[in-house]
Amino acid sequence: MAQQQHEHATTVVEQGRFCLARCTCGWRGPARRARSKARSDADDHVGAHTG
Ligand SMILES: [Zn+2]
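Nothing here was measured: the structure is a model prediction, and the numbers come from that model.

## Overview of the confidence of the model for the protein
Per-residue confidence for the protein gives a mean pLDDT of 87, with 82% of residues at or over 70. Within the protein, the element-level pLDDT minimum falls on helix α1 (residues 35-50), averaging 89, and the maximum on strand β2 (residues 18-23), averaging 97.

Structure below.
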């Protein structure tokens, strides 16, 4: 299920008091207060691309 392509390598970064997901393709998720939410955004992003 969780296939990762090297062109969509996501990471969660902290920005101030928030966390957000970033991807090597240039995509950025919305700022989240919870790191788990940011990781969920990253999963959605990768899933959307791998279909
Ligand atoms: Zn991506």
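## A look at the pairing of β2
Direction of pairing for strand β1 (residues 10-15) relative to β2: antiparallel, over a ladder of six bridges. When the bridges of β2 are listed, Thr11 appears paired with Arg22. The loop that links β1 with its antiparallel partner β2 comprises two residues; one of these, Gly16, has a positive phi angle of about 65°.

## Here we look at the nonpolar core
Core analysis: the biggest nonpolar cluster contains five residues, these being Cys19, Ala21, Ala38, Ala42 and Val46. Of all the elements in the fold, those that place two or more residues in this core are β2 and α1. Per element, the largest residue contribution to this core is three residues, and it comes from α1. Apart from residues no more than four positions distant in its own chain, Ala42 is found in contact with Thr10, Val12, Ala21 and Gly29.

Calculation rules
Residues numbered from 1 in each chain as written. Predicted model: local features only at pLDDT ≥ 70, side-chain atom pairs only at ≥ 80, totals over all residues. pLDDT = per-residue confidence, 0-100. Helix = DSSP H or I, 4+ residues; strand = E, 2+ residues; numbered from the N terminus. Pairing = 2+ DSSP bridges. Core = buried A, V, L, I, M, F, W, Y, C linked by C-beta atoms within 7 Å. Buried ≥ 20, exposed ≤ 12 C-beta atoms within 10 Å, placed from the backbone. Contact = placed C-beta atoms within 7 Å.

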